[in-house]
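The chain contents come next:
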Amino acid sequence: MKKLISLVLLAVMLFSVSLAFAKTVEPEDTDYERLAGRVINATVGEYNPDTKTFTVYLYENDRFEREDVAKIAAGDTLLAGGYLYKVKEISPAEDGEFKLATEDGEEMIFSPKGDDDMILMNVINDRRYTHVFAVLHLPAAEGLVYEDTTDPEKMEPVVTRGLDEILKIKEEREKTSIGFDHYATVIELNDALEIVRIHQDYDVAQ
């Protein structure tokens, strides 16, 4: 009997140790890096109370090879942010950047990102051109935090804690503004891919 109890206790201890070292296993995918522990641009969509998850649209920058950007000429077509633009003119700028104008009046700038890549930004509204690379259904971590820096006149963020209170803010923002849209929103994920923090900045569309 004592031997049986000892074996049971040993099994419980081994199970507890395995939980302590538990990790999230993610599929191999060349479209995105590993997500655990990352802070990433996202649109935080619908919350499902049955599954206790948010539908989250994850975004990353459109990246262009520097060599390809240098070859862009008037009349070319540019795919950026999921839309097609007809190039009117492009010219080199300072710090290795390229300024670009489109036929429909958009002004853009290519900026170096790393050794060989460039990202694209809209000059008028300072938004980067991005695309959705994953749609996930992620739970909120216990003690979820929302940081609100949408008011440019406030020096410190307004912090709200707890899922219920944050859902109220989310609902209000969706009625009166852009909601938790990726243009101004980042989320922080823990190692279990739970959302531990939602941070929202000011955006011209608010």
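All values reported here derive from a predicted model rather than from experimental measurement.

(A) Examining the sheet that holds strand β3 (residues 63-65) more closely. Read from one edge to the other, the open sheet built from six strands follows the order β3-β8-β7-β6-β5-β4, with strand pairing classed as antiparallel. Sheet topology places β3 and β4 (77-80) at the edges, where each strand pairs with a single neighbour. When the angles between neighbouring strand axes are averaged without regard to direction, this sheet yields 45 degrees. Across four bridges, β4 lies against strand β5 (residues 83-92) in antiparallel orientation.

(B) Geometry of the pattern of salt bridges. Under the counting rule described, the total for this entry stands at nine salt bridges. Note that Glu-67 is salt-bridged to Lys-71, the shortest N-O span being 3.4 Å. The residue Glu-174 makes a salt bridge to Lys-170 at a minimum N-O spacing of 2.7 Å. Placement of both Glu-174 and Lys-170 in helix α3 (residues 163-176) is noted, with a separation of four residues, approximately one turn of the helix. Judged by relative accessible area, Glu-174 falls into the partly exposed class, the value being 43%. Taking the relative accessible area as the measure of exposure, Lys-170 reaches 6% and is therefore buried.

(C) View of unusual backbone geometry. Of note, the phi angle at Asp-95 is positive, near 60 degrees, even though the residue is not glycine. Mapped onto the fold, Asp-95 is located in the loop between β5 and β6 (98-102). Backbone geometry places Asp-126, a non-glycine residue, at a positive phi of 65 degrees. By the secondary structure assignment, Asp-126 is in the loop between β8 (117-122) and β9 (130-149). Asp-126 sits in the exposed class, given a relative accessible area of 54%.

(D) Structural context of a nonpolar patch on the surface. On the surface, Tyr-57, Val-132 and Val-135 cluster together into a nonpolar patch covering about 230 Å² of accessible area. As for its placement among the helices and strands, Val-132 is situated in strand β9.

Definitions and cut-offs
- Residues numbered from 1 in each chain as written.
- Predicted model: local features only at pLDDT ≥ 70, side-chain atom pairs only at ≥ 80, totals over all residues.
- Heavy atoms only, no water.
- Pairing = 2+ DSSP bridges.
- Helix = DSSP H or I, 4+ residues; strand = E, 2+ residues; numbered from the N terminus.
- Axes fitted to C-alpha atoms, helices over the stretch in contact; angles between N-to-C directions.
- Salt bridge = Lys/Arg side-chain N within 4 Å of Asp/Glu carboxyl O.
- Buried < 20%, exposed > 50% of the residue type's maximum accessible area, 1.4 Å probe, protein only.
- Patch = residues over 30% accessible without salt bridge, like charges linked within 9 Å, V, L, I, M, F, W, Y side chains within 5 Å.
- Areas by Shrake-Rupley, 256 points an atom, 1.4 Å probe, with all protein chains shown as cover.

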